[in-house]
Amino acid sequence: MTQDSPVEVPDEPAGHPLRGAVRTLGRAQVRDILLLCVADGLVGASFGAITVAAGMPWWYPTLLSVVVFAGAGQFLVVGVLAAGGSPVAAAAAAILVNARHIPFGFAVRDAVGSGLLRRLVGTHVMIDESVAWALAQPTPARRRAAFWLCGSLLFVFWNVGVGLGALGGSALTDTSALGLDAAFPAVLLALVMPSLRQRRTRRAALVGAGVAVASTPLLPAGLPVLLALAGLAARGRAAAGPGPAGTAADDGAPGGSS
Amino acid sequence: MIAHGTLIGVAVAVGAATYAFRAAGPWLGERLRIPEAVEQLMADSAVVLLTALVVVATFFDGHAFAGPSRVIGVAVGAVLAWRRASFVLVVVAAAGTTAVLRLLGMP
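Before going into details, it helps to say that this report is about the structure given with it. All values derive from a computational prediction rather than experimental measurement.

1. Notes on the overall build of chain A
Each helix and strand counted, chain A has 13 helices and zero strands in total. Each helix (α) and strand (β) of chain A, taken in turn from the N terminus, gives the series α-α-α-α-α-α-α-α-α-α-α-α-α. Looking at the 258 residues of chain A, the share that counts as buried comes to 49%. A separation of at least 24 residues holds for 73% of the contacts in chain A among residues at least 6 apart in sequence.

So this is what it looks like as structure tokens:
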């Protein structure tokens, strides 16, 4: 077990946000992050290969992944274009999918930190994995370390993977034999699991997941995941407001009102 | 064949919009005092969105069912994660289960 001692890092360590991140997180967490990076790098390679195989220039997958840096949106752009969709439709679909980053930004803004450079860079490495990794951490110092280490290492591995895939060609178009398509959901699930142990959050997440699954066959990609936010209504009444700000906020909430 | 300028335009438009989405929280958070309830709402929103991503990515390829091999692989990973298995075990078991099932011919 790592020791989250009272030695919380003084509020803003002056140096680079990555300095000390390895020490803060401990070797096991860093190893886990590296494993995730390798898996994502392989998926990135398949993205590069698929994009080129669809007839787009070799530099395009790399441009997309450096500028957008969000896997689902990237696959969507290429998928829509390759299927003969219009550029406007491709962009609109990807923008819709990426709208989930708005609440992400609020949820991890403390981990991004302050200062212009840190803000500019930290904003760009805010992705599903780095957000989930930060949310799984118990202390602010660990949140910051996890967010930055995961985000920046993934930026490197993902883009190197995409570039190699674009050049390496068809050997990599299919990662399904490796089961990597099962690894991505499993990774995210493992990371949100600590949050799901709180009852109010879990109820919202389960209702939201149901909404997303039910609507996926019917709606354009990206929309079902956003509709999952409707699950927030199932959290029940919070300890907010003037009411009894009583006991642990993650209790069962008063019986169902619906 | 799509014109290169068009391709670049799509990448820049999506990249700019995504960056703006990502920047909203840190930017507003510095300028406004965000109430505790809203902070909690946003944290829960992130968990809800990530969970929805998990479920959609487990069951679907586009609009169609992804096939049982992926679902079973993720389920194995989910059980391990719930029982607090190590992250490495969760990832390797999920991918490995799916890979073996496919090797055996399951879609």
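2. So, the overall build of chain B
Within chain B, the regular secondary structure consists of four helices and two strands. For chain B, the N- to C-terminal ordering of α and β elements is α-α-β-β-α-α. By the compact-globule yardstick of 13 Å for 107 residues, chain B is too spread out, its C-alpha radius of gyration being 20 Å. Dimensions of chain B, computed from the C-alpha atoms along their principal axes, are close to 55 × 50 × 25 Å. With 107 residues in all, chain B has 48% of them scored as buried. Counting contacts in chain B only where the partners sit at least 6 residues apart, residues at least 24 apart contribute 42% of the total. As displayed, chain B offers around 5200 Å² of accessible surface, 71% of which is attributable to carbon and sulfur atoms. The average position of the 7 basic charges and that of the 5 acidic charges among the side chains of chain B differ by 11 Å.

3. Some thoughts on the pattern of salt bridges
In the structure shown here, the tally under the stated rule is ten salt bridges over all chains. Put simply, Asp181(A), Asp61(B), Arg70(B) and Arg102(B) are held in one network by salt bridges that share partners.

4. Here we look at the packing of helix 9 (residues 128-135) of chain A against helix 10 (residues 140-168) of chain A
All names here are of chain A. Where helix 9 meets helix 10, the closest approach of the two axes is 8 Å, and the angle between their N-to-C directions is 160°. When the axes of helix 9 and helix 10 are compared, the pair comes out roughly antiparallel. For the pair helix 9 and helix 10, the crossing hand works out as right-handed. In this structure, helix 9 uses Glu129, Ser130, Trp133, Ala134 and Leu135 to contact helix 10, whose residues at the interface are Arg143, Ala146, Phe147, Cys150, Gly151 and Leu154.

5. With respect to the interface of chain A and chain B
Facing 84 residues of chain A, the contacting portion of chain B comprises 65 residues. Surface buried jointly by chain A and chain B totals about 6600 Å² across both partners, of which 77% is contributed by carbon and sulfur atoms. For chain A, the biggest contributors to the area lost against chain B are Phe106(A), Arg109(A) and Arg197(A); these three give 11% of the whole. In this structure, Arg119(A) and Glu30(B) form a salt bridge, with 2.7 Å as the shortest nitrogen-oxygen distance. Inspection of the chain A/chain B interface yields 15 residue pairs in polar contact (both at pLDDT 80 or more). Ranked by the residues each element gives to the side of chain A that touches chain B, the list is headed by helix 11 (residues 180-196) of chain A, at 15 residues. Class assignment of the residues belonging to the side of chain A that touches chain B gives a composition of 61 nonpolar, 13 polar and ten charged.

6. A word on the packing of aromatic side chains
Residue and element names in this part refer to chain A. Tallying each qualifying case throughout the model produces six aromatic pairs over all chains. Here phenylalanine 147 and tryptophan 148 contribute two aromatic rings whose centre-to-centre distance is 6.1 Å and whose plane-to-plane angle is 85°, an arrangement assigned as edge-to-face. Of the residues examined, phenylalanine 147 reaches a relative accessible area of 0% and is grouped as buried. The structure contains a cluster of three or more aromatic residues connected by ring pairs, namely Phe47, Phe75 and Trp158.

7. Considering the packing of helix 2 (residues 27-53) of chain A against helix 4 (residues 71-82) of chain A
Residues and elements named next belong to chain A. It is the contact of helix 2 with helix 4, at a shortest axis distance of 10 Å, that shows an interaxial angle of 15°. The angle between helix 2 and helix 4 falls in the class roughly parallel. In this structure, helix 2 meets helix 4 at a crossing whose hand is left-handed. Between helix 2 and helix 4, the residues in contact are Val43, Ser46, Phe47, Ile50 and Thr51 and Gln74, Phe75 and Val78, respectively. Of the residues contributing to the contact of helix 2 with helix 4, the split by class is five nonpolar, three polar and no charged.

8. Examining helix 12 (residues 199-215) of chain A
Note: α-helices contain 3.6 residues per turn, so residues at a spacing of three or four share the same orientation. With 17 residues, helix 12 of chain A extends 24 Å between its outermost C-alpha atoms, agreeing within 8% with the 24 Å of an ideal straight helix rising 1.5 Å per residue. Among all positions of helix 12 of chain A, only Arg200(A), Thr201(A), Ala204(A), Ala205(A), Gly208(A), Ala209(A), Ala212(A) and Ser215(A) are buried. Summarising the axial view, the buried residues of helix 12 of chain A lie within an arc of 160°, below the 170-degree limit, and thus occupy one face. In helix 12 of chain A, the exposed positions that point more than 90 degrees away from the buried face belong to Leu206(A) and Ala214(A). Residues of helix 12 of chain A that are buried sit in contact with helix 11 and helix 13 (223-227) of chain A together with helix 2 (36-59) of chain B.

9. A short note on helix 11 of chain A
Residue and element names in this part refer to chain A. Under the 1.5 Å per step criterion, the end-to-end length of helix 11 is 24 Å for 17 residues, consistent within 8% with the ideal 24 Å. A bend of about 30° at alanine 190 is the largest found in helix 11, and the proline proline 194 appears one to four places after it. Of all 17 residues in helix 11, 15 are buried, a share of seventy percent or more.

What counts, and at which threshold
- Here the residue numbering is sequential within each chain, running from 1 through the sequence in written order.
- The lettering of chains begins at A and the numbering of ligands begins at 1, in the order of writing.
- Residue-level local features of this predicted model are given only where pLDDT is at least 70; pairs of side-chain atoms are given and counted only at 80 or more, and the full residue set underlies all totals for whole chains, interfaces and linings.
- Water and hydrogen atoms play no part in the side-chain values, which are based on all heavy atoms of the structure.
- Segments assigned H or I by DSSP are reported as helices when at least four residues long, segments assigned E as strands when at least two residues long, and all are numbered from the N terminus.
- Throughout, exposure labels follow a simple rule: accessible area from a 1.4 Å probe, protein chains only, divided by the maximum for the residue type, with under 20% read as buried, over 50% as exposed, and the rest as partly exposed.
- Any two residues having at least one pair of non-hydrogen atoms within 4.5 Å are treated as being in contact.
- All radius of gyration figures rest on C-alpha atoms, and the globule criterion is 2.2 Å times the number of residues raised to 0.38.
- Each accessible area is a Shrake-Rupley result for a 1.4 Å probe, and residues are judged covered by the shown protein chains and nothing else.
- Here Asp and Glu are counted as negative and Lys and Arg as positive; His is not counted, and neither are the chain ends.
- We put the charge of a Lys on NZ, of an Arg on CZ, of an Asp on CG and of a Glu on CD.
- The salt bridge definition used is simple: a Lys or Arg side-chain nitrogen within 4 Å of an Asp or Glu carboxyl oxygen.
- Helix axes use the C-alpha atoms of the stretch in contact, all axes being lines fitted to C-alpha atoms, and the angles between their N-to-C directions lie in the range 0 to 180 degrees.
- Each angle gets one of four labels, with under 35 degrees taken as roughly parallel, over 145 as roughly antiparallel, 65 to 115 as roughly perpendicular, and the rest as oblique.
- Crossing chirality is assigned from the near helix's rotation relative to the far helix, an anticlockwise turn below a right angle marking it left-handed and a clockwise turn marking it right-handed.
- Each of two parts loses accessible area, computed with a 1.4 Å probe, when they are put together; buried area is these two losses added.
- A 3.5 Å cut-off defines polar contacts: any pair of N or O atoms within that distance qualifies, except that in protein one atom must be a possible hydrogen donor and the other a possible acceptor, and neighbouring residues in sequence count only when both atoms are side-chain atoms.
- Side-chain classes follow a simple rule in which Ala, Val, Leu, Ile, Met, Phe, Trp, Tyr, Cys and Pro form the nonpolar group, Asp, Glu, Lys and Arg form the charged group, and the remainder, Gly included, forms the polar group.
- Aromatic rings from Phe, Tyr and Trp, with only the six-membered ring used for Trp, were paired whenever their centres fell within 6.5 Å, and each pair was classed as stacked if the ring planes differed by under 30 degrees, edge-to-face if by over 60, and tilted otherwise.
- Take the residue count of a helix, subtract one, and multiply by 1.5 Å to get its expected span.
- Comment: arc refers to directions from the helix axis out to C-beta atoms.
- Fitting axes to the seven residues ending at a residue and to the seven starting there, one defines the bend at that residue as the angle between these axes.

By themselves, these figures tell us nothing about what the structure is for.
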